Amino acid sequence: MSYTTQTQNSMNEAGEGTGSEFLAFTLGSEEYGIDILRVQEIRGYEPVTRIANAPAFIKGVVNLRGTIIPVVDMRIKLNLGSPTYDQFTVVIILNIEGRVVGMVVDSVSDVTTLSEAQIKPAPEVGTVFDSEYLIGLGTIGERMLILVEIDKLMSSPEMGLMERIAA
Amino acid sequence: MTIDMSQFYKVFFDEADELLAEKEKLLLALDVSNPDSEDLNAIFRAAHSIKGGAATFGFSDITEVTHMLESLLDRIRKGEMALTHDHVDAFLVAKDILSMQMDGHHHGATVDHDAVANVCQRLKALSQGQVEAAAAETPAAETPVAQAAPADAEPVADADGNFHFRIELPEVPQRDVDALATELGLLGAIQQETLPDKRVAFTLTTSEGKDNIIAICSFVLDPDDLKITSAGGQPAAEPVSASKSEDDLGYGFFEPLEPPKDESSASQPASQPAASAGQSASAAPAENKNYGRRATDKEGGQESSSIRVGVEKVDQLINLVGELVITQAMIEQRIGVLDPILHERLLNSASQLARNTRDLQEAVMSIRMMPMDYVFSRFPRMVRDLAGKLGKKVEFITRGAATELDKGLIERIVDPLTHLVRNSVDHGIEMPEKRRSSGKSETGKLTLSAAHQGGNIVIEVTDDGGGLNRDRILDKARQQGLPVSDTMPDSDVWQLIFAPGFSTAEAVTDVSGRGVGMDVVKRNITAMGGSVDIRSLSGSGTTIAISLPLTLAILDGMSVKVGDEVYILPLGYVVESLQPAAVDVKEIAGQGKVVKVREEYLPLIPLYQIFAIEPRCADPSQGILVILESDGKKAALLVDSLVGQQQVVVKNLESNFRKVAGISGATILGDGGVSLILDVAALLRSSRQLNSDPVFF
């Protein structure tokens with residue numbers, strides 16, 4: 001079920017020299033970016049096992065090759081778009097501090113390299129994310145990526161995914 | 001009951017080797033002027049663990065050295081003594097001595113008793129004469145070093161950081177000499193000269209160490225025949241240098257050191273057809289020596305019949321096999337629809353695959369599971385010895401020795417359990433006279449038990465001794481500046497004994513009393529994701545319960561269905577299942593429902609309500625009641641239907657997620673889906689709270 005992103009070319013366009021690579025994905029009409037090093041793999045959506053009494057955005061747990069991992073739906077968490085589950089639904093498997101979490105998004109677009117100069121500080125308001133969890137805004141020509149500090153977001157008490165944040 | 005302890009020797013030696021290596025690493029990395037207290041603690045713990053293990057197996061000589069080492073370390077750790085280079089040196093020497101003693105026990109190698117005595121003396125001198133030791137090197141402390149471990153007088157580097165070595169070769173063909181000269185020339189400047197007896201010697205100026213030179217030369221000739229000296233001034237052929245180079249190679253340390261062969265051609269009898277009588281005489285010992293070494297090699301070969309593999313590798317293997325089984329099940333499903341006559345061969349192969357997969361899975365699983373007996377059987381001897389030493393009478397009882405536990409956990413539980421058992425014998429059980437005067441039987445009872453409980457494995461060490469002394473613990477805690485108050489609940493007070501360096505024993509014996517044990521116990525168990533619980537009643541005894549999560553254990557489960565969801569109930573809790581008559585279910589105002597089962601009223605726990613599931617039948621008389629029992633409490637769980645009974649591999653939910661109320665773990669079903677395992681004990685304990693308390697946030 002898993003498929004890879006074939007996005008080598010976009011890296012070259014985005015800029016040469018030093019920079020960080022980001023995986024771009026969409027939620028509703030907005031485009032987001034997360035540090036590619038946190039991404040373990042990208043998979044299709046598989047039926048989950050519901051966790052009783054968990055908030056709606058925690059869809060449940062799935063078996064990822066023998067490991068049980070939680071799956072969160074960012075669309076529900078952020079009230080973006082309508083959560084539909086079909087063969088096009090994408091789950092980004094994140095590895096944060098050794099913990100593996102699946103994140104459901106609308107779609108994954110590409111991997112881009114952003115240089116320091118392309119990353120602007122995030123405005124105080126304007127996105128559904130608390131600016132505490134943002135790295136900044138990345139601009140590539142006309143595109144604008146909202147860069148999310150995914151480690152911080154996923155380990156935040158707001159998500160309730162981890163009992164204690166790794167010190 | 002006699003137990004062959006030797007089957008566990010290997011484990012001890014492996015562990016001790018690891019601990020020693022770790023200790024050495026820490027010692028070498030230690031910043032003497034400003035030592036990290038965590039590092040000191042770690043060194044101390046390593047020494048303590050070796051001591052504990054050695055005592056278990058009755059290696060009293062090792063215990064002796066480690067005890068002394070520990071005393072000294074303890075003073076440094078507590079800041080009573082400043083750490084100096086002398087200490088570090090002494091510790092390293094002691095480490096070598098311990099390795100030697102260990103080899104002595106393991107391979108039957110010779111142990112240099114003088115060196116052992118020397119190091120003991122040195123450690124003692126250091127721990128007593130701390131004033132002088134801190135001031136300067138006392139001669140008493142210096143001399144033994146030179147003897148204990150022939151101080152490897154490292155060649156002195158010149159201004160450019162280069163060393164000067166003189167390398168004397170045995171008699172070898174000119175071709176080899178040329179080859180060596182070229183190779184060694186790569187290391188630095190080389191000069192060649194011919195000795196009067198036609199042998200060749202090199203003088204090498206290089207920044208490389210002696211080890212590298214030996215490594216290069218060993219391609220061409222036996223390094224033992226080499227004489228390498230730092231050409232700082234000493235004459236080349238000094239007796240010590242030969243033995244020294246052997247030490248460096250790890251040989252000869254336990255073999256009687258031969259006087260260096262001034263005629264090194266002895267080991268090459270082939271190239272000397274017409275050997276004189278004197279030469280053949282000197283050849284004999286060299287031959288013997290070679291045999292001796294070959295014998296040791298063989299012994300090493302036998303040992304490798306068991307290998308130590310990282311637990312994560314086994315885990316990975318198990319996960320992969322699990323995946324394989326699921327894939328195989330999928331294939332079986334797909335080909336099930338094929339015409340058995342047309343595809344006979346394919347179907348045959350598939351059924352063979354199924355068999356092989358099953359065997360593979362069983363084999364892989366068996367790698368990890370071991371009965372607790374493996375650990376428990378270590379203790380009777382230790383308890384007996386210890387009790388004898390302390391003049392106590394102890395009856396040792398084990399329960400649940402057949403409980404299977406993951407091998408990874410078994411290995412890691414040994415150390416903590418050893419500490420706990422020793423503590424119980426030393427501090428818990430009182431002397432016979434005292435026991436008699438308090439109206440107890442003279443013989444104390446020490447029980448070690450293991451059982452599966454609520455998705456955990458609980459291992460308990462119970463003694464019927466004096467119990468913990470609350471006042472003394474509180475006093476001691478105050479002395480150590482820990483925040484305590486007189487109104488603390490007992491359970492919090494008991495937890496204080498896990499603080500590093502905490503001990504209430506009056507005297508430090510080599511059995512226990514340093515307070516390091518409990519620190520280690522807690523640390524090890526927390527690292528395994530478990531918890532330690534103490535129950536104690538003054539005068540009646542103490543129970544220390546270690547609860548370990550089932551990271552990987554097989555559980556007999558009963559799958560039940562509620563709505564569309566399937567949950568697993570650990571079979572151990574299930575008493576029976578039944579469909580009640582409508583009249584047997586009674587409602588108690590504000591308290592939920594009860595059900596009458598054979599003249600007994602049991603609280604009814606509707607699973608659909610607790611887990612907010614849309615049930616197919618909310619009426620108890622339509623569904624199935626599973627009667628569960630835990631800790632003597634019974635309750636009836638209402639589910640829609642029973643699915644079946646199966647063995648499941650318990651997976652930890654918390655490794656990637658968090659603790660979920662009412663769930664003890666998860667398992668992967670045959671179709672690759674996940675099913676949650678109910679935490680029955682928690683359900684019974686707090687079926688009502690689960691409903692009202694917000695589980696999240």
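Structure first, text after, so check above.
So, a few notes on the structure that sits alongside this text. What you are looking at is a predicted structure, and each value in this text was computed from that prediction instead of being measured.

**Side note on the nonpolar core**
In summary, soluble globular proteins display a tendency toward joint burial of nonpolar side chains.
So, point 1. Counting 79 residues, the largest nonpolar core has V61 and M103 of chain A together with L569, I605, L607, A636 and L637 of chain B as its most contacted members.
So, point 2. The next biggest cluster of nonpolar side chains, apart from the first, holds 38 residues, and it includes V375, I413, I497 and I546 of chain B.

**Details of helix α2 (residues 37-57) of chain B**
All names here are of chain B.
So, point 1. Its 21 residues place the ends of α2 30 Å apart at the C-alpha level, agreeing with the 30 Å of an ideal helix rising 1.5 Å per residue.
So, point 2. In terms of burial, α2 is largely enclosed, as 15 of its 21 residues are buried.
So, point 3. Downstream of α2 by one or two residues, G58 has phi in the positive range, about 80°.

**So, the packing of helix α3 (residues 60-77) of chain B against helix α5 (residues 113-128) of chain B**
Residues and elements named next belong to chain B.
So, point 1. Where α3 meets α5, the closest approach of the two axes is 9 Å, and the angle between their N-to-C directions is 20°. Relative to α5, α3 is oriented roughly parallel. Of the two possible hands of crossing, α3 and α5 adopt the one that is left-handed. The segment α3 lies against α5, with D61, E64, V65, M68, L69, S71, L72 and R75 engaging V116, V119, C120, L123, K124, L126 and S127.
So, point 2. Among the residues making up the contact of α3 with α5, the classes are represented as nine nonpolar, two polar and four charged.

**Some details on the interface of chain B and chain A**
So, point 1. Taken together, the contact between chain B and chain A spans 25 residues of the former and 24 residues of the latter.
So, point 2. Residues of the side of chain B that touches chain A, tallied by class, amount to twelve nonpolar, seven polar and six charged.

**Side note on the environment of K389 of chain B**
So, point 1. Inspection of the secondary structure assignment puts K389 of chain B in helix α15 (residues 379-390).
So, point 2. When the C-alpha positions of K389 of chain B and D426 of chain B are compared, they lie 9.9 Å apart, and in sequence the two are 37 residues distant.

**Overview of the pairing of strand β9 (residues 456-463) of chain B**
Residues and elements named next belong to chain B.
So, point 1. Among the eight residues in β9, six count as buried, and that is most of the element.
So, point 2. Note: strand β8 (residues 444-453) against β9, eight bridges, orientation antiparallel. Following the sheet pairing, L446 is matched in β9 by D463.

**With respect to the sheet that holds strand β5 (residues 67-73) of chain A**
All names here are of chain A.
So, point 1. Strand order in the open sheet formed by five strands is β3-β6-β7-β5-β4, with mixed pairing between adjacent strands. The strands lining the two open edges of the sheet, one partner per strand, are β3 (39-44) and β4 (58-64). Each strand axis lies, on average, 30° off the axis of its neighbour in the sheet, ignoring direction.
So, point 2. Inspection of the sheet shows β3 paired to strand β6 (residues 90-96) by five bridges, in the antiparallel sense.

Calculation rules
- Residues numbered from 1 in each chain as written.
- Chains lettered and ligands numbered in written order.
- Predicted model: local features only at pLDDT ≥ 70, side-chain atom pairs only at ≥ 80, totals over all residues.
- Core = buried A, V, L, I, M, F, W, Y, C linked by C-beta atoms within 7 Å.
- Buried ≥ 20, exposed ≤ 12 C-beta atoms within 10 Å, placed from the backbone.
- Helix = DSSP H or I, 4+ residues; strand = E, 2+ residues; numbered from the N terminus.
- Expected span 1.5 Å × (residues − 1).
- Axes fitted to C-alpha atoms, helices over the stretch in contact; angles between N-to-C directions.
- Parallel < 35°, antiparallel > 145°, perpendicular 65-115°, else oblique.
- Left-handed = near helix turned anticlockwise from the far one by under 90°.
- Contact = placed C-beta atoms within 7 Å.
- Nonpolar A, V, L, I, M, F, W, Y, C, P; charged D, E, K, R; others polar.
- Pairing = 2+ DSSP bridges.

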